[in-house]
Amino acid sequence: MIIEPRMRGFICLTSHPKGCEQNVKNQIAYIKSKGIIDGAKKVLVIGASTGFGLASRITSAFGSNASTIGVFFEKAPSEGKTASPGWYNSAAFEDEAKKAGLYAKSINGDAFSNEVKQQTLDLIKQDLGQVDLVIYSLASPVRLHPVTGVLHRSTLKPIGGTFTNKTVDFHTGKVSDVSIEPANEDDIENTVTVMGGEDWAMWMKALKDADLLADGAQTIAYSYIGPSLTEAVYRKGTIGRAKDHLEATAFEIADELKSINGRAYVSVNKALVTQASSAIPVIPLYISLLYKIMKEEGIHEGCIEQIQRLYADRLFSGKELPLDDKGRIRIDDWEMRDDVQARIAKLWEEATTENLSEIGDLAGYKQDFLNLFGFGFDGVDYLAEANEMVQVSSIQ
Ligand code: NAI
């Protein structure tokens, strides 16, 4: 079938298998261009199909020749209906890994469930014996709690008062004010349950209890801080409470892993266009301005550049790992530079529908958004028939 983008708000209903393949190939080429990192060799990535998790899987495999197991929750294709992009990304990743002689298997299902955890433990035991790196990169709006059976929904709300600020509809470029009503206690609790650290701790406990973590194994989860401009809706909002919880959980996991000389960290990453971030009000406007400035300064990075730097300059640099005063790894350092943030704060005041495409990088935002779904890549013939029924080879 000929596949075109069909946009609905913050999502695109279609995705392009060839474009997703191109996306994965581009990321692999970038990692190969950076040379080999002496990193982990057996890696489990939870949330491995898009965004930072996919970049982590690619960096592990093609940057350190690692065997990888990826867990994700994606929609398989059916006749006439495309899969979700993470499915096609994973299909392409496995094909490229196979060509390179690298072990790669994937599990598609709810990572919050006991069943998927058990399936993953069984696969590690059978194929890898143990893992030495666990990347936790889930971004989900809901979590069915495996113990209570309650379905929790996360929200993106401020805490303590209504928040009004500028935002942009990145499809039309229209800048307008958005008001978000404050969260109640249930919203906060639910968001912490979905996006906080409880599930990460459950994974690590299950892996350790089953003796599937190698001596010295590390685990990393991803967090975000961002500037004061977005803090009401992000870091001081419901999602920020969840990130506080995730960050606190890193210390608990680190304690648990001491007996195997293991370590647990949170890495604070840069704001990027992903399926998760495009749904957060205010953030797309911030990202449009951020991209413009970081590109002008020559310090712009996507997920793959961020994770390559996380591995090469932080985790596996052979030097002492620099941490901030809260024990976190910071690869949002360039985003948070004072000069960058001062320019954004000024542009923020000036931004209007009329001038955003000039003072901000709206085109770059849109391009990245299209790319998430496999559209807008050079070298892909979008007018040609594409086979939507592409399969992930390790998933039967
Ligand atoms: P994403 O939406 O691109 O990726 C989410 C991944 O989680 C996908 O692989 C998806 O299949 C998987 N997933 C979702 N629900 C699942 C479930 N129930 N079971 C199994 N897999 C499931 O998200 P993104 O942006 O890469 O986020 C990953 C982490 O990075 C999150 O913790 C996010 O807060 C953090 N982060 C994101 C930033 C951004 O600007 N996008 C900035 C800094 C941190």
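Conventions used here
- Residues numbered from 1 in each chain as written.
- Predicted model: local features only at pLDDT ≥ 70, side-chain atom pairs only at ≥ 80, totals over all residues.
- Heavy atoms only, no water.
- UniProt positions renumbered as here; feature names shortened; annotations may be inferred.
- Helix = DSSP H or I, 4+ residues; strand = E, 2+ residues; numbered from the N terminus.
- Buried < 20%, exposed > 50% of the residue type's maximum accessible area, 1.4 Å probe, protein only.
- Contact = heavy atoms within 4.5 Å.
- Polar contact = N/O pair within 3.5 Å; in protein donor to acceptor, adjacent residues only side chain to side chain.
- Pairing = 2+ DSSP bridges.
- Axes fitted to C-alpha atoms, helices over the stretch in contact; angles between N-to-C directions.
- Near = heavy atom within 4 Å.
- Areas by Shrake-Rupley, 256 points an atom, 1.4 Å probe, with all protein chains shown as cover.
- Nonpolar A, V, L, I, M, F, W, Y, C, P; charged D, E, K, R; others polar.
- Phe/Tyr/Trp six-rings, centres within 6.5 Å; stacked < 30°, edge-to-face > 60°.
- Patch = residues over 30% accessible without salt bridge, like charges linked within 9 Å, V, L, I, M, F, W, Y side chains within 5 Å.
- Salt bridge = Lys/Arg side-chain N within 4 Å of Asp/Glu carboxyl O.
- Lys, Arg positive; Asp, Glu negative; His and termini not counted.
- Charge placed at Lys NZ, Arg CZ, Asp CG, Glu CD.
- Core = buried A, V, L, I, M, F, W, Y, C linked by side-chain atoms within 4.5 Å.

The residues that UniProt annotates with the feature "site: Plays an important role in discriminating NADH against NADPH" (unreviewed entry) are E74. With respect to the secondary-structure elements, E74 resides in the loop between β4 (67-72) and α3 (85-99). You can call E74 buried: its relative accessible area is 16%. Residues in contact with E74, not counting those within four places in the same chain, are S49, T50, S84, G86, W87 and N108. Of note is the side chain of E74, whose polar atom sits 2.6 Å from the side chain of S49.

Let's shift gears to the sheet that holds β4. Within a sheet, neighbouring strands are paired by backbone hydrogen bonds and run either parallel or antiparallel to one another. With parallel pairing, the 7 strands of this open sheet are ordered in space as β5-β4-β3-β6-β11-β12-β13. At either margin of the open sheet sits one strand with a lone partner, and together these are β5 (104-108) and β13 (329-330). As defined by bridge partners, strand β6 (residues 131-136) adjoins strand β11 (residues 213-223) across 5 bridges and the pair is classed as parallel. For L133, the partnering residue across the bridge sits in β11 and is Q218. Packed on one face of the sheet, helix α2 (residues 51-64) meets β3 (42-46), β4, β5, β6 and β11 and runs near 170° to β4.

What surrounds the ligand is a group of 28 residues, the closest being S49, A111, K243, L272 and T274. Residue L138 places a main-chain N or O atom 3.4 Å away from an oxygen atom belonging to the ligand. When isolated, the ligand has an accessible area of 840 Å², and the protein chains bury 93% of it. Mapped by element, the contributors of at least two residues to the shell around the ligand are α2 and β11. Residue composition of the shell around the ligand, by class: 13 nonpolar, 11 polar and 4 charged.

Considering all chains together, one arrives at 9 aromatic pairs under this definition. Relative to F369, the ring of F170 has its centre 4.8 Å away and its plane inclined at 55°; by these criteria the two rings are tilted. Taken together, the positions of F170 in the loop between β9 (163-169) and β10 (174-180) and F369 in helix α13 (residues 362-372) put the pair 199 residues apart, joining distant regions of the chain. According to the relative accessible area criterion, F369 is buried, its value standing at 2%. Ring centres of Y311 and F316 lie 5.4 Å apart, and the angle between their planes is 75°; on these two criteria the pair is classed as edge-to-face.

The grouping of R6, R8, K75 and K81 at the surface amounts to a positive patch. Relative to the assigned elements, K81 resides in the loop between β4 and α3.

Moving on, we get to the nonpolar core. Among the nonpolar cores identified, the biggest contains 91 residues, and I58, F62, Y286 and Y311 are the most heavily contacted of them. When residues of this core are assigned to their parent elements, the largest contribution, 9 residues, is made by helix α9 (residues 283-296). Among all residues touching F62, those that are not within four sequence positions of it are I28, I31, K32, I36, F93, E96, A97, A100 and L102. With 32 residues, the next largest nonpolar core counts L44, L213, I253 and I260 among its residues.

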